[in-house]
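Chains, contacts and geometry: an overview
Residues per chain, in single letters:
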Amino acid sequence: MSTVIAVTSGKGGTGKTSLVGAVSSCLAALGYSTLCIDMDVGLRNLDLSLGLADRALMDFTDVLQGRCSLERAVVEHPEISGLFLLTAPVTLPEQLSPELVKEMLDQAKSRFDYILLDAPAGLGAGFQLAVCGCDRAIVVSTTDASALRDAQRTVSELARQVDQIHLVVNRVQPKLLKKMRVNIDSAMDAAGLPLLGVVPEDEQVMVCANQGRPLALCSGRGAAAAYRNISLRLTGRKVPLLKL
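Read on for a plain summary of the structure. (Residues numbered from 1 in each chain as written. Predicted model: local features only at pLDDT ≥ 70, side-chain atom pairs only at ≥ 80, totals over all residues. Heavy atoms only, no water.)

Within a pair of aromatic rings, the relevant descriptors are the distance that separates the centres and the angle that separates the planes. Per the counting criterion, the structure on display carries two aromatic pairs. Ring centres of Y32 and Y114 lie 5.4 Å apart, and the angle between their planes is 85°; on these two criteria the pair is classed as edge-to-face. Taken together, the residues Y32 in the loop between α1 (16–29) and β2 (34–38) and Y114 in strand β5 (residues 114–118) connect sequence positions 82 residues apart. Y32 gets classed as partly exposed once you look at its relative accessible area, which sits at 23%. Looking at Y114, the relative accessible area reads 8%, which means it is buried. Considering the side-chain rings of F84 and F112, the 5.2 Å spacing of their centres and the 65° angle between planes classify their relative orientation as edge-to-face. Taken as a pair, F84 in strand β4 (residues 83–86) and F112 in the loop between α5 (98–109) and β5 lie far apart in primary sequence, 28 residues in all. As far as the burial class goes, F84 and F112 line up, both buried. Between the NZ or CZ atom of R111 and the centre of the ring of F84, over which it lies, the distance is 5.1 Å. (Phe/Tyr/Trp six-rings, centres within 6.5 Å; stacked < 30°, edge-to-face > 60°. Helix = DSSP H or I, 4+ residues; strand = E, 2+ residues; numbered from the N terminus. Buried < 20%, exposed > 50% of the residue type's maximum accessible area, 1.4 Å probe, protein only. Lys NZ or Arg CZ within 6 Å of the ring centre and 35° of its normal.)

Here it is in structure tokens:
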């Protein structure tokens, strides 16, 4: 059964887009047809993370407004079979509605196993569009107090319309955690969510993004291993948390 997963965060800088790109790549590598949709209008970066900036010519508003079909708008990755991208527009037309987004997602579910939505940070109109048709949601947070507070607000909003919500603690620095006397359990308690994964801070994430290469093609350790574990858990497999 196809699944639409909205990936959200209460604030910017948590590594949400990196997670969408990496997890989508891993799901495709596992044999699942996977579409990632950049819903972060005006601040789109998912195409850069996947190395598809020169290929993604149509955006999701072209589909919503009937200028082209979903099949024509999506772009398949040249190196990862089964991985597709639908990018975001620079600006959001006023006439778009949640109903149109839901129709597009229903079309996507007839073709893809997983659809991951890179939602904009915060709780504005773009967030509402991104989560209106999702089956599950992932809230991405770091361990700092402001990110966790914003994650709590995001959870409160999501809980009104999504039953399955998970937490990913991203960009974790073990040495800093020890100094701050913060642990993953306190992060879970603060956000009020079950833990889907813990991802360490890893310079390879930025290096690969700047090179326009999916992390899965550049590394198999650190953050790459954590993202692969998250992908496996999304498919229902039991995988232990990555030891930091």
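What follows picks up the thread again.
Attention shifts here to the layout of surface pockets. Within this model, the largest pocket holds a volume of roughly 610 Å³. Around the largest pocket, the lining is made up of 30 residues, and of these G15, K16, T17, S18 and R171 lie nearest the centre. Breaking the lining of the largest pocket down by element, the ones donating at least two residues are α1, α2 (46–50), β7 (164–172), β8 (195–200), α10 (203–211) and α11 (223–234). Among the elements that make up the lining of the largest pocket, the one with the highest residue count is α10 (five residues). (1 Å grid on protein atoms, 1.4 Å probe; cavity = no way out; pocket = protein on both sides within 12 Å on 5 of 7 lines; lining within 4 Å. Points joined across faces, edges and corners; volume = space filled by probe spheres on them.)

With that settled, the discussion passes to the pairing of β5. With five of five residues buried, β5 lies mostly within the body of the structure. Of the two faces of β5, the one lined by Y114, L116 and D118 and the one lined by I115 and L117 are each fully buried. As judged from the five bridges shared by strand β1 (residues 3–8) and β5, these two strands associate in the parallel manner. Residue V4 lies in a different strand from β5, and its bridge partner there is I115. (Pairing = 2+ DSSP bridges.)

With that settled, the discussion passes to the environment of Q161. Structurally, the position occupied by Q161 is in the loop between α7 (145–158) and β7. The sequence separation of Q161 and P93 amounts to 68 residues, and the corresponding C-alpha distance is 24 Å. In this structure, Q161 is in contact with Q128, V131 and C132, ignoring residues within four places of it in sequence. (Contact = heavy atoms within 4.5 Å.)

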